[in-house]
Number of protein chains: 4
Amino acid sequence: MGLTVKLFNDVSEGVKGAKNLITDVNGVLVGQTTVDDGDVHSGVTAIWPHQRGLFKNKVPAASYVINGFGKSVGLVQIDELGTIETPLVLTNTFGVGTATNALTKLMLASNPEIGDTTSTVNPIVAECNDGDVSNIRKMRLTEADVNAALNSASDHFAEGAIGAGRGMMCYDLKGGIGSASRIVRIDDHSYTIGALVMSNYGFLQDLVVNGQPIGKPLAALLAADKHKEEKGSIITVLATDAPLNSRQLKRIAKRATVGINRTGGFIGNGSGEIVFAFSTTNLVQHFAKQNVETVQRLNDNVIDTFFRATAAVVDESVLSSLVHAESIVDRKGRLRFSFVDAAKELVRRQPEYSDMVNQVFTELGVIK
Amino acid sequence: MGLTVKLFNDVSEGVKGAKNLITDVNGVLVGQTTVDDGDVHSGVTAIWPHQRGLFKNKVPAASYVINGFGKSVGLVQIDELGTIETPLVLTNTFGVGTATNALTKLMLASNPEIGDTTSTVNPIVAECNDGDVSNIRKMRLTEADVNAALNSASDHFAEGAIGAGRGMMCYDLKGGIGSASRIVRIDDHSYTIGALVMSNYGFLQDLVVNGQPIGKPLAALLAADKHKEEKGSIITVLATDAPLNSRQLKRIAKRATVGINRTGGFIGNGSGEIVFAFSTTNLVQHFAKQNVETVQRLNDNVIDTFFRATAAVVDESVLSSLVHAESIVDRKGRLRFSFVDAAKELVRRQPEYSDMVNQVFTELGVIK
Amino acid sequence: MGLTVKLFNDVSEGVKGAKNLITDVNGVLVGQTTVDDGDVHSGVTAIWPHQRGLFKNKVPAASYVINGFGKSVGLVQIDELGTIETPLVLTNTFGVGTATNALTKLMLASNPEIGDTTSTVNPIVAECNDGDVSNIRKMRLTEADVNAALNSASDHFAEGAIGAGRGMMCYDLKGGIGSASRIVRIDDHSYTIGALVMSNYGFLQDLVVNGQPIGKPLAALLAADKHKEEKGSIITVLATDAPLNSRQLKRIAKRATVGINRTGGFIGNGSGEIVFAFSTTNLVQHFAKQNVETVQRLNDNVIDTFFRATAAVVDESVLSSLVHAESIVDRKGRLRFSFVDAAKELVRRQPEYSDMVNQVFTELGVIK
Amino acid sequence: MGLTVKLFNDVSEGVKGAKNLITDVNGVLVGQTTVDDGDVHSGVTAIWPHQRGLFKNKVPAASYVINGFGKSVGLVQIDELGTIETPLVLTNTFGVGTATNALTKLMLASNPEIGDTTSTVNPIVAECNDGDVSNIRKMRLTEADVNAALNSASDHFAEGAIGAGRGMMCYDLKGGIGSASRIVRIDDHSYTIGALVMSNYGFLQDLVVNGQPIGKPLAALLAADKHKEEKGSIITVLATDAPLNSRQLKRIAKRATVGINRTGGFIGNGSGEIVFAFSTTNLVQHFAKQNVETVQRLNDNVIDTFFRATAAVVDESVLSSLVHAESIVDRKGRLRFSFVDAAKELVRRQPEYSDMVNQVFTELGVIK
């Protein structure tokens, strides 16, 4: 589950969901496949908005491109129609074609009308480049790997160097999958908003945790490259059960950038930063019985509560991905430090940083 | 009122509203001021989406920029919030500041909360450059002129070289204000969609009316400039009582380009082509009693009916502006021909075109 | 090659390139694979902007979404960086994953740095749904089919029901691949602009050819569905050797809509209309020797010439796809008429249309 | 001039321009008018990109809307043509019409061709709502006030509660005008990038300065409203002499959000956050002698240096606006604290915060 501590400078009301995961949004499930095979360290993470027939009961949705150095697919149709009609599959950059095929076949199998008596289907696949850790050129990912993730979806799932996050690096430390959730109260009703990130962005010297510029000594210790060609990215998926329409979901998606940059990001040129947001309320029927139907609409006057929660869950998801990730040996045999291991090494080598590290570890719940 | 004849190749179902004007949409009113003062031939056209307190009861809305060589104001907030909260004022390019001031004052007068206990207000002002006909450098338009248009709004209004359209030129012929409407049927319910255009775009040699390339002989006759620096533009306002949300209204707005180009436009570099679309249904309250309310939502599966109607009403509005406009003497004393007068002159000078002109005149209802 | 006749109401200067194909732009090559296998009638069309190392010498580029009911991939990065770094592959909707894989492997094979010492690569794959004619659910397309198209690229290529256009239907008639080009003169320099379309959009009753509403009798004859769920789309690729930057190429791309709608389109809800535009001038180096280099820049004051040419080449490409396509038996054994065959059948059954058909056939060069 | 201390966690290289102001970009000038008249506390801040005939020598430019709850004008044409052709005028929300008129008249006076023999002109006016402090309903601003700012432009200017920033509130403390600059080195060439902000956004409890959550005790002290309807906004103007084109300038503009949110912003619903960016290199001539000219182009591979500098100068400009602003008595007679005065009051009332305040004051250069 997500972090168990209170987020530093949490701009939300601070009320977490039961698991502090995106799956706190009722119906949302997550499944993952991790692939470690020689110099390949990669995988798949799949998010189901619900499992009651996505193609026939589409979720209102939006995407937002913070920085478009990326190869995610499906955004064009989300933007036009404001819906998502498949699970969302996260994987590495060169797995997009295979994930697209697997997802298409899954939808065809469960919807005999697609491509025959009705239109086609719009698979959503998002990616980061894990080529720093994994041999991405092998294009090792199979449709079976994608199916395994899709079929194992559950409301409990692990974070860190797992699934599509297996080979991802965040602030030059081991990144990957992170998640968090918040409860939002409007009038007398409670809604949940959750985030899942695949973190693979940032430069170590820029890392600030809870106001502490811990990235600078870590970067010196690890001799991190200040001027590397960033091959990063971060994919953010936001889910809510609040009745937000696609315009409002796009506004929410845009606020992911606040959470992403709280730890020191600056939206680098090579960082593909893409956000997807969907609501599990006011589903859009593919075969509509009524062409005009009744739905709920939230007044934008109270949307700040969601904006605050979005900033918080994304910030916390990034931190959670860092805290949960383990150190890993990359495709070239180099040890790639997790945040926790790197900070411990910093204290061992430069004890003057033990106060800073202890404070950060305590605040993040690494030390209880 | 709009054209009384059937539109050539009408892609809609072809059912016109009672007046064949944008004011066929219940509640929509239009007021105009025409200013002829020396070498100034300009004016104001104001469109009220409804008159039941626009600021407190905003209309769902969208804008779409076909080509952004223009100075219209208010689009930024429409895009973000999906609403319009003032009347829409059309005028000439250098009247935008004055119209903004007049519109702001009108809203302040009727809403004492604005800028005091609540937020500010977003005036919508759209413009074309009538400098070909009118001395625009004089900035002659006054706030009183704007108020006169706003205060004279009615569900009947004249088309052609009137109001903001007074000095506009369309395909190098006299253009101005044109309007049309269509009835759209979804299930057992009828909706109305109406357009009002301020036409000021196009090159004469490109003009095609009802499939007839009448622009070429007219351009030769009038020695129209083939390579002029187009200082044109066309503003389109679309209104409907159908429950379209801002995403759907933006889709509708985008289809205006189909209607605009049916007569031979090609979206010239210098032509500011801006579209506004609003719905009078599902109003958004400024001081909401309920933060989550119930609204109607149209399924996009049936939106083609509206797309077709949009293409038709915009096409017909352009033609109606041409048919209704009269010839005028411009700021330099030159006679600027209306379409009807130019075509008559063509027949007089080149009788071989009398068949073409007769056919077009008959089909447009100029000859009955 | 493209149409040999003069385009009706050509808004360009009317000077065609030598082949009247997109390959009139120096360096541009097109290769195609056609797949007829049982009830599968599909294929691949590949466009090479140049063959001097696309990844290392990217073309300035833009994409524009006219209507986003589509699954084309690669747009996100084009929008951000303003470049294309692979050939463009056109195919059917469910071939996108396979084409993405094939294109990625091609780029990896010729660029050992990709995914190892430098960033990843952004494959461009565009699609229409040919499911009306072809059994798209079989996902029959193979990577070998894609490679065959890529490897057979030439400056001569066939139009009509071929390559990715094999199963496409345009205005309910047989559509597919069409192309055209124009010469544009700026100062004392000549530039070429070319288009290639994959046409799969439109309703037959709306079809207007050279001002003649021939679609209405054809629709009655063929009992075309007035209210079908359009599963269409049109992909447009624009190429030029003029020094247009990505902002200007997006402006050009936007004008494709003028050409698309000249025959009666209205941008239907289900029609994915995507445009790609690139320039073969001012290439962007992946491994730049100089971080600041000297390039040419066209002043937007003269861009209308390109806008006019764009409208013309796209209009003509659509017509060329209709004229070149042959009738075909679809996946359900029904004969699907080409435009030419349908018009002949119309004359046979309703001789009163022989004048209209003869005129149109003559003007299109069907009858010489 | 800007802050004299080193920015906390400066993500740029940290090399400031000589004045640490936007006017470090050669040719950029800033002029301001401050209006204190009864309950009106407002003004005008004008930025000249250069003074060598802006209309005839336009600057490459872009705008970016972080959040569109705003009434700034001129963005439509910047987006289309990628240029700015007038000075940029900043003022309060209801001064937009008057500023538009004044700016238009200024351009007409110096360019007799405008609106006569050539096209019109696109005035750029940006606004925030200072209605919390100033009686905005009076619409007190005159064209003379605007002219005074335009005519007094200099490369030295004051920051804080001055000019258009006179009545602005930032994080519920006195905000206003702030500026900063950085030197960026590409190959062997130095470029300057500068920012000017008009800060009027944020909630006090969210304020974090240099990693210190000082906003929470300040909010408790001042009983700041946690759930106020934010009527804020922040306008950011970025200037550089580097050869960035409009696409690249839009990318730069997008990074302003990093700087804005470093102090605790979350892009509130009611906060109009608009960014303008221009380059003083590769000017675009209105009356071009050559339609194709030679310009410099920066490779995006090295753009991160500008992204980092942008984040830094915007962050520092916000802080500089807070540090330079003085306390003020608002339109209702309430004292509105500056950051410095509020922090001093905090120490006086709650001495346990003296360490935090001392640290922050030292780091910001308030205490030397």
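Here is what the cut-offs are and how they apply
- Residues numbered from 1 in each chain as written.
- Chains lettered and ligands numbered in written order.
- Predicted model: local features only at pLDDT ≥ 70, side-chain atom pairs only at ≥ 80, totals over all residues.
- Heavy atoms only, no water.
- Least-squares fit on C-alpha atoms with pLDDT ≥ 70 in both.
- Contact = heavy atoms within 4.5 Å.
- Buried area = accessible area lost by both parts, 1.4 Å probe.
- Salt bridge = Lys/Arg side-chain N within 4 Å of Asp/Glu carboxyl O.
- Polar contact = N/O pair within 3.5 Å; in protein donor to acceptor, adjacent residues only side chain to side chain.
- Helix = DSSP H or I, 4+ residues; strand = E, 2+ residues; numbered from the N terminus.
- Nonpolar A, V, L, I, M, F, W, Y, C, P; charged D, E, K, R; others polar.
- Phe/Tyr/Trp six-rings, centres within 6.5 Å; stacked < 30°, edge-to-face > 60°.
- Buried < 20%, exposed > 50% of the residue type's maximum accessible area, 1.4 Å probe, protein only.
- Pairing = 2+ DSSP bridges.
- Core = buried A, V, L, I, M, F, W, Y, C linked by side-chain atoms within 4.5 Å.
- Axes fitted to C-alpha atoms, helices over the stretch in contact; angles between N-to-C directions.
- Parallel < 35°, antiparallel > 145°, perpendicular 65-115°, else oblique.
- Left-handed = near helix turned anticlockwise from the far one by under 90°.
- Disulfide = S-S within 2.5 Å.

Draft legend 1. Just the relation of the copies chain A and chain C, in detail. Here chain A sits on chain C after a turn of 180° about the axis and a move of 0.0 Å along it, with an RMSD of 0.0 Å. This pairing of chains is accounted for by a two-fold axis. Across chain A, the smallest distance between a C-alpha and the rotation axis is recorded for Gly 97 of chain A, namely 2.0 Å. Interface residue correspondence from chain A to chain C reaches 100%, placing this contact among same-surface, isologous pairings.

Draft legend 2. Examining the interface of chain A and chain C more closely. Between chain A and chain C, the contact holds 46 residues from the first and 46 residues from the second. Regarding the contact of chain A and chain C, the summed buried area is about 3,700 Å², with carbon and sulfur atoms giving 56% of it. Where chain A touches chain C, the interface holds 2 salt bridges. Residue Arg 331 of chain A pairs with Asp 116 of chain C through a salt bridge whose shortest N-O separation is 2.9 Å. Our count for the chain A to chain C interface comes out at 22 residue pairs in polar contact (both at pLDDT 80 or more). Elements with a contribution of two residues or more to the side of chain A that touches chain C: β3 (57-67), α1 (75-81) and α2 (96-110) of chain A. Broken down by element, the residue count for the side of chain A that touches chain C peaks at 7 residues, all from α2 of chain A. For the side of chain A that touches chain C, the per-class residue count stands at 15 nonpolar, 21 polar and 10 charged.

Draft legend 3. Structural view of the packing of aromatic side chains. All names here are of chain C. Counting across every chain of the model gives 16 aromatic pairs over all chains. Between the aromatic rings of Tyr 171 and Tyr 201, the centroid separation amounts to 5.1 Å while the plane-to-plane angle is 55°, which identifies the pairing as tilted. With a gap of 30 residues between them, Tyr 171 in the loop between β7 (169-170) and β8 (173-174) and Tyr 201 in the loop between β10 (189-199) and α4 (215-222) connect regions that are remote in the sequence. Taking the relative accessible area as the measure of exposure, Tyr 171 reaches 0% and is therefore buried. When the ring of Tyr 191 is compared with that of Phe 306, the centres are 6.3 Å apart and the planes differ by 45°; the resulting orientation is tilted. Linking Tyr 191 in strand β10 with Phe 306 in helix α7 (residues 304-324), this pair joins segments that are 115 residues apart in sequence.

Draft legend 4. Region of the structure containing unusual backbone geometry. Of note in the backbone geometry, Asn 282 of chain A takes a positive phi value of approximately 60° without being a glycine. With respect to the helices and strands, the residue Asn 282 of chain A is situated in the loop between β12 (272-279) and β13 (284-285). Its identity as a non-glycine residue notwithstanding, Asn 20 of chain D has a phi of 55°, on the positive side. Positionally, Asn 20 of chain D belongs in the segment before β1 (29-37). Relative accessible area serves as the criterion here: at 1%, Asn 20 of chain D is assigned to the buried category.

Draft legend 5. Region of the structure containing the interface of chain D and chain A. Opposite the 37 residues of chain D that make contact, chain A presents 37 residues. In total, about 2,800 Å² of surface goes out of reach between chain D and chain A, with carbon and sulfur atoms giving 43% of it. The residue Asp 206 of chain A makes a salt bridge to Arg 308 of chain D at a minimum N-O spacing of 2.9 Å. Across the chain D-chain A interface, the total number found is 19 residue pairs in polar contact (both at pLDDT 80 or more). Those elements that provide at least two residues to the side of chain D that touches chain A are β3 (57-67), α5 (246-254), α6 (256-261) and α7 (304-324) of chain D. Residue classes in the side of chain D that touches chain A are distributed as 14 nonpolar, 12 polar and 11 charged.

Draft legend 6. Summary view of helix α5 (residues 246-254) of chain A. A large share of α5 of chain A lies buried, amounting to 8 of its 9 residues. The complete set of buried residues in α5 of chain A reads Ser 246, Arg 247, Gln 248, Leu 249, Arg 251, Ile 252, Ala 253 and Lys 254 of chain A.

Draft legend 7. Inspection of the pairing of strand β11 (residues 233-240) of chain C at higher detail. Among the 8 residues of β11 of chain C, 8 are classified as buried, and the element is accordingly described as predominantly covered. Burial along β11 of chain C is two-sided: Ser 233, Ile 235, Val 237 and Ala 239 of chain C facing one way and Ile 234, Thr 236, Leu 238 and Thr 240 of chain C facing the other are all buried.

Draft legend 8. Summary view of the pattern of salt bridges. One pass over the structure, following the stated rule, counts 100 salt bridges over all chains. Between Arg 251 of chain A and Glu 80 of chain B there is a salt bridge, and its shortest N-O distance comes to 2.6 Å. Highlighted residues: Arg 251 of chain A in helix α5 and Glu 80 of chain B in helix α1 (residues 75-81), drawn from two different chains. Glu 80 of chain B shares its class with Arg 251 of chain A; the two are buried. For the salt bridge of Arg 251 of chain B with Asp 300 of chain B, the shortest nitrogen-to-oxygen distance reads 2.9 Å. Taken as a pair, Arg 251 of chain B in helix α5 (residues 246-254) and Asp 300 of chain B in the loop between β14 (292-298) and α7 (304-324) lie far apart in primary sequence, 49 residues in all.

Draft legend 9. Examining the pairing of β12 of chain A more closely. All names here are of chain A. With 8 of 8 residues buried, β12 lies mostly within the body of the structure. Judged by which residues are buried, β12 turns out to be covered on both faces: Gly 272, Ile 274, Phe 276 and Phe 278 on one side and Glu 273, Val 275, Ala 277 and Ser 279 on the other are all buried. Where β3 lies against β12, 6 bridges are found, and the strand directions are antiparallel. Its bridge partner lying in β12, Val 65 is registered against Ile 274.

Draft legend 10. Up close: the nonpolar core. Residues Leu 173, Phe 306 and Phe 339 of chain A together with Phe 306 and Phe 339 of chain D are the most contacted members of the largest nonpolar core, which totals 133 residues. When near neighbours in sequence (up to four residues on either side) are disregarded, Phe 306 of chain D contacts Val 184, Ile 186, Tyr 191, Ile 193, Thr 240, Ala 242, Leu 244, Ile 252 and Leu 298 of chain D. Grouped together as the second largest cluster of nonpolar side chains are 132 residues, Ile 193 of chain B together with Leu 207, Ala 309 and Val 314 of chain C included.

Draft legend 11. Up close: the packing of helix α2 (residues 96-110) of chain D against helix α3 (residues 143-151) of chain D. All names here are of chain D. Where α2 contacts α3, the axes come no closer than 8 Å and their chain directions differ by 55°. Comparing their axes, α3 and α2 come out oblique. Where α2 crosses over α3, the two elements pack in a sense that is right-handed. Here Thr 98, Ala 99, Asn 101, Ala 102, Leu 103, Lys 105 and Leu 106 of α2 come into contact with α3, specifically with Glu 143, Val 146, Asn 147 and Leu 150. Class assignment for the residues of the contact of α2 with α3 results in 6 nonpolar, 3 polar and 2 charged.

Draft legend 12. Seen up close, the state of the cysteines. For the coordinates displayed, the defined rule picks out 0 disulfides over all chains. The thiol of Cys 170 of chain B is not disulfide-bonded; the next cysteine sulfur, from Cys 128 of chain B, is found 9.7 Å away.

Draft legend 13. Here's a closer look at the environment of His 41 of chain B. Residues and elements named next belong to chain B. Inspection of the secondary structure assignment puts His 41 in strand β2 (residues 40-48). Overall, the relative accessible area of 10% leaves His 41 in the buried class. Spatially, the C-alpha atom of His 41 lies 4.8 Å from that of Ser 134, the residues being 93 residues apart in sequence. Excluding anything up to four places from it in sequence, His 41 contacts Val 35, Asp 36, Asp 130, Val 133, Ser 134, Arg 166, Gly 167, Ile 328, Val 329 and Arg 331. Here Val 329 takes part through its backbone oxygen, which lies 3.5 Å from a polar atom of the side chain of His 41.

Draft legend 14. Summary view of the sheet that holds strand β5 (residues 88-92) of chain B. Residue and element names in this part refer to chain B. On the basis of which strands lie adjacent, the open sheet formed by 4 strands has the order β1-β2-β5-β6 and mixed pairing. At either margin of the open sheet sits one strand with a lone partner, and together these are β1 (29-37) and β6 (124-128). Geometrically, the sheet is characterised by an average inter-axis angle of 15° between neighbouring strands, direction not taken into account. As defined by bridge partners, β1 adjoins β2 across 9 bridges and the pair is classed as antiparallel. Looking at β2, one finds that Val 30 is bridged to Ile 47. Running at roughly 155° to β6, helix α2 (residues 96-110) makes contact with β2, β5 and β6 of the sheet.

Draft legend 15. The sheet that holds strand β2 (residues 40-48) of chain A, seen in detail. Residue and element names in this part refer to chain A. Taken together, the 4 strands give an open sheet; going across it, the order is β1-β2-β5-β6, and neighbouring strands pair in mixed fashion. A single partner strand is all that each edge strand has here, and the edge strands are β1 (29-37) and β6 (124-128). Within the sheet, the average angular offset between the axes of one strand and its neighbour, ignoring direction, is 15°. On the sheet, α2 packs against β2, β5 (88-92) and β6 and is oriented at approximately 155° with respect to β6.

Draft legend 16. Focus on the side chain of Asn 111 of chain B. With respect to the secondary-structure elements, Asn 111 of chain B resides in the loop between α2 and β6. If near-sequence neighbours (up to four positions away) are discounted, Asn 111 of chain B is found in contact with Phe 55 and Lys 56 of chain B together with Arg 137 of chain D.

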